[in-house]
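Listed below are the residues making up each chain.
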Amino acid sequence: MIADIAHPEYIVTSPKEGAWEMVNSIVMQGQLFDILFSGSRQTRLRDLLDKKIKARVYELLPQAAQSLELDLSLAVIIQGNFYAVLNHKNNDFKQVMDILGDISACIFENCKFNSTKAP
């Protein structure tokens, strides 16, 4: 599933698009997740996604790896989007995605780490 996220750096550089890519990869694997990661195992999957997506972002944006603020922002976005999608899968997908994209963008608008200004 992580490989399905073509541009993980978009979570930082283009948060709305990054949220779409990340959540779409979760939704596309929805039935598989329900089988493999049901109930309490969802926490394990969420933590694994957090670790793997951050690793890919830091691989593509190595200057970001030292930013505690960015690390915390990524945790909120990755884990929050995962939780929100699973708990709102009966709502209109486009509406949920638009809202999550806006929230992700708001987080990075206020984040002191700015990928376009990073050394």
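Everything below is about the structure shown above.
Residues numbered from 1 in each chain as written. Predicted model: local features only at pLDDT ≥ 70, side-chain atom pairs only at ≥ 80, totals over all residues. Heavy atoms only, no water.

Q: I tried to follow the overall build of the chain on my own but got confused; where do I start?
A: Looking only at helices and strands, one finds six helices and zero strands in the chain. For the chain, with 119 residues in total, the buried portion stands at 39%. The contacts in the chain between residues at least 6 apart in sequence include a share of 75% that link residues at least 24 apart. For the chain, the computed accessible surface area is about 7,000 Å², with 55% contributed by carbon and sulfur atoms. (Helix = DSSP H or I, 4+ residues; strand = E, 2+ residues; numbered from the N terminus. Buried < 20%, exposed > 50% of the residue type's maximum accessible area, 1.4 Å probe, protein only. Contact = heavy atoms within 4.5 Å. Areas by Shrake-Rupley, 256 points an atom, 1.4 Å probe, with all protein chains shown as cover.)

Q: Mind showing me how you'd approach a nonpolar patch on the surface here?
A: Taken together, Trp 20, Val 27 and Phe 93 make up a surface patch of nonpolar side chains, about 230 Å² in accessible area. Looking at the element boundaries, Val 27 is found in helix α2 (residues 15-28). (Patch = residues over 30% accessible without salt bridge, like charges linked within 9 Å, V, L, I, M, F, W, Y side chains within 5 Å. Salt bridge = Lys/Arg side-chain N within 4 Å of Asp/Glu carboxyl O.)

Q: I keep staring at the nonpolar core and nothing clicks. Help me out?
A: Across soluble globular proteins, nonpolar side chains have a tendency to be buried as a group. Counting residues in each nonpolar core, the largest one holds 20 residues, and the members touching the most others are Met 22, Ile 53, Leu 74 and Phe 108. Contributions of two or more residues to this core are made by α1 (10-13), α2, α4 (41-60) and α5 (68-87). (Core = buried A, V, L, I, M, F, W, Y, C linked by side-chain atoms within 4.5 Å.)

Q: Would you mind showing me how to read the environment of Ile 11 here?
A: Mapped onto the elements of the fold, Ile 11 is located in helix α1. When the C-alpha atoms of Ile 11 and Met 22 are compared, they prove to be 8.1 Å apart, with 11 residues separating the residues in sequence. Setting aside anything within four residues of it in sequence, one finds Ile 11 in contact with Gly 18, Met 22, Ile 53, Leu 74, Ile 77 and Phe 108.

Q: I would appreciate a short explanation of the packing of α2 against helix α6 (residues 93-109) in the present structure.
A: Two measures define how a pair of helices packs: the angle their axes make with one another and the distance between the axes. Axis separation between α2 and α6 bottoms out at 8 Å; the angle between their running directions is 135 degrees. On the basis of their axis angle, the class for α2 and α6 is oblique. α6 is crossed by α2, and the crossing has right-handed handedness. Listed contacts from α6 to Pro 15, Lys 16, Ala 19, Trp 20, Val 23, Asn 24 and Val 27 of α2 are Phe 93, Lys 94, Met 97, Asp 98, Leu 100, Gly 101, Asp 102, Ser 104, Ala 105 and Phe 108. Among the residues making up the contact of α2 with α6, the classes are represented as 10 nonpolar, three polar and four charged. (Axes fitted to C-alpha atoms, helices over the stretch in contact; angles between N-to-C directions. Parallel < 35°, antiparallel > 145°, perpendicular 65-115°, else oblique. Left-handed = near helix turned anticlockwise from the far one by under 90°. Nonpolar A, V, L, I, M, F, W, Y, C, P; charged D, E, K, R; others polar.)

Q: Sorry if this is basic, but what is going on with the packing of α2 against α5 here?
A: One way to put it is that α2 packs onto α5 with a least axis distance of 10 Å and a crossing angle of 45 degrees. Judged by the inter-axis angle, α2 sits oblique to α5. Every pair of crossing elements has a handedness; the one defined by α2 and α5 is right-handed. The segment α2 lies against α5, with Ala 19, Met 22, Val 23, Ile 26 and Val 27 engaging Ile 77, Ile 78, Asn 81, Phe 82 and Val 85. Across the contact of α2 with α5, the residue classes break down as nine nonpolar, one polar and no charged.

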